[in-house]
Amino acid sequence: FLSCGESMPFHKLGVHKVLSKVPFVKPILEAPYARAVDKAINIADLRKIAKWRSHKMVFDYLDAGADDEISLRRGKDAYSELEMHFHVLSGLQPPLDLSTKIFGRDVKLPFFTCPTAGNRMFHTDGESATARAAQTHGTLYGLSSLATTSIPDIAKIHDGPKVFQLYVWKDRELVKDVLQKAKDGNFDALALTVDFTWYGNRERDIRNGFTIPPNYTPKQVWEAIKAPVWSWDFLSNPAYTYANINTEVPADSLAAFVNSQINPAFDWKDAEWLLGEWNGPSAIKGVIRTDDAIRAKELGFTTMWVSNHGARQLETSPATIDVLPSIREAVGPDTEIILDGGVQRGTDIAKALALGADAVGIGKPYLYGLTAGGEKGVSKAIEILKVELDRAMGLLGTGTVDDLKKRGPGLIKRRGASARDYPDMYASERGYGGGII
């Protein structure tokens, strides 16, 4: 799950305490990336800035999929096969009403930042930056149980709707402890990730020698020199820990503990026990089959979260947008559905809402923003998608999210794939297709 790096000599020697007091270095190093974030016009631009700013190992961890990255590319390509058949003369004026409800709570946007592990690896402000951006935009915030920022700290930053994500741990006392922290932090819902009982084969990580934290090998040091602002962040700030499990143990030591806690034997009976412990709104995250969705609903999950873990687990798993309509048909019109996977544009969000999703989670888009520019980058990613979604809904002739969901099936039509839909030789530079080499 998390490879264990060598010890962090700079942090153990307290060098970060000295470097943190050196003035002017961070603003000077950060300036070109900040200007680039200001000029970004789409998520692909933020991806390029993130690649430029970060350590190669870190960027590839964020950007990669499993095995040959077929599912990663397919997750994006699937949206290209969906045409938007728009109405005209709808009498709408911008800005439109993008508000909706997620987990029963009012939000200003129908999409949100998915819970993702170890955000301080991408930028020193980590989850705090994302939570502040989500608060600013009035949308749901998702926190991972492997976050590098604590539940109480997030609760101070984001007082709106929040969902806490949990992996399938072996230790039930650990589970009870973290659930109580989430309740104390006023988290509204729990999301159980069920597609992570084995760790996906992410070959970019293997080639890069990915570890948390980075090993001090010649290769990793050279890559750190090529990413000066990321390296300054890493060396001038405290070592990050997985703050919601054990704040006393650094990430390198905790890695082995986390590995030992993932439970491949976790089953439906364990899920039923978990629901009893939480006793609140709950999502099963990682559903792509109708029979699993029906069983989850019968067991008591209130939300179906259609996801393939960002195409990072089982290679050739289906694009989530392709299975979404069947999940909606299986669970009926009244069960909440969240979708994530492959979203790069506001038009992708519109298509997902039209085909049965009540809300859409974004992962890579906001993490590109976080890596590129901290809170400013996350806010930029959200704003880009917000503007694109507003435009798409206006051009479709749907003035509200409810209108889009009600009329959606008649607005989105599937057609056969075309070679023009897929990446050309320069597509990877534009951020299309993920793992193209």
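Thresholds, definitions, all that
Residues numbered from 1 in each chain as written. Predicted model: local features only at pLDDT ≥ 70, side-chain atom pairs only at ≥ 80, totals over all residues. Heavy atoms only, no water. Buried < 20%, exposed > 50% of the residue type's maximum accessible area, 1.4 Å probe, protein only. Helix = DSSP H or I, 4+ residues; strand = E, 2+ residues; numbered from the N terminus. Pairing = 2+ DSSP bridges. Polar contact = N/O pair within 3.5 Å; in protein donor to acceptor, adjacent residues only side chain to side chain. Contact = heavy atoms within 4.5 Å. 1 Å grid on protein atoms, 1.4 Å probe; cavity = no way out; pocket = protein on both sides within 12 Å on 5 of 7 lines; lining within 4 Å. Points joined across faces, edges and corners; volume = space filled by probe spheres on them. Nonpolar A, V, L, I, M, F, W, Y, C, P; charged D, E, K, R; others polar. Axes fitted to C-alpha atoms, helices over the stretch in contact; angles between N-to-C directions. Parallel < 35°, antiparallel > 145°, perpendicular 65-115°, else oblique.

1. Topic: the pairing of strand S8 (residues 282-287)
1) Next: Taken across its six residues, S8 has six buried, putting it largely inside the fold.
2) Next: Of the strand pairs in this sheet, strand S7 (residues 189-193) and S8 are connected by four bridges, and their pairing is parallel. Residue pairing across strands places Thr193 opposite Lys285, the latter belonging to S8.
3) Next: With four bridges connecting them, S8 and strand S9 (residues 303-306) associate as parallel partners. Within the sheet, the bridge partner assigned to Ala283 lies in S9 and is Thr303.

2. Focus: the environment of Asn42
1) Next: Counting through the fold element by element, Asn42 comes out in the loop between helix H3 (25-39) and helix H4 (43-53).
2) Next: Judged by relative accessible area, which is 14%, Asn42 ranks as buried.
3) Next: Polar contacts involving the side chain of Asn42 include one to the main-chain amide nitrogen of Asp45, which spans 2.8 Å.

3. Notes on the side chain of Ser71
1) Next: Relative to the elements of secondary structure, Ser71 occurs in helix H6 (residues 70-80).
2) Next: Residue classification places Ser71 among the buried positions, given a relative accessible area of 3%.
3) Next: Within the structure, the side chain of Ser71 is placed 2.8 Å from the backbone nitrogen of Thr316, a separation counted as a polar contact.
4) Next: Setting aside anything within four residues of it in sequence, one finds Ser71 in contact with Ala311, Leu314, Glu315, Thr316 and Ser317.

4. Here we look at the layout of surface pockets
1) Next: Roughly 600 Å³ of internal volume is contained in the largest pocket.
2) Next: Those elements that place two or more of their residues in the lining of the largest pocket are helix H14 (268-278) and S8.
3) Next: When residues of the lining of the largest pocket are assigned to their parent elements, the largest contribution, three residues, is made by S8.
4) Next: Here the lining of the largest pocket is composed, by residue class, of 14 nonpolar, seven polar and four charged.

5. Describing the packing of H3 against helix H18 (residues 364-396)
1) Next: Contact geometry for H3 and H18: axes closest at 10 Å, N-to-C directions at 5°. The orientation of H3 relative to H18 falls into the category roughly parallel. For the pair formed by H3 and H18, the contact residues are Glu30, Tyr33, Ala34, Val37 and Asp38 on the first element and Ala372, Gly373, Lys376, Gly377 and Lys380 on the second.
2) Next: Residue composition of the contact of H3 with H18, by class: four nonpolar, two polar and four charged.

6. Observations concerning helix H17 (residues 346-354)
1) Next: Taken across its nine residues, H17 has eight buried, putting it largely inside the fold.
2) Next: For H17, the full list of buried residues reads Gly346, Asp348, Ile349, Ala350, Lys351, Ala352, Leu353 and Ala354.
3) Next: A positive phi of about 135° marks Gly356, the residue just after H17.

7. Quick word on empty space enclosed by the protein
1) Next: Inspection of the entire model under this criterion finds three cavities of 30 Å³ or more.
2) Next: The computed volume of the largest cavity comes to approximately 600 Å³.
3) Next: What lines the largest cavity is a set of 39 residues, among which Thr116, His309, Gly310, Arg312 and Gly363 lie closest to the centre.
4) Next: Elements with a minimum of two residues in the lining of the largest cavity: helix H5 (56-63), H6, helix H16 (320-331), strand S11 (359-362) and H18.
5) Next: Sort the elements by how many residues they give to the lining of the largest cavity and H6 lands first, with four residues.
6) Next: In this structure, the second largest cavity occupies an estimated 100 Å³ of space.

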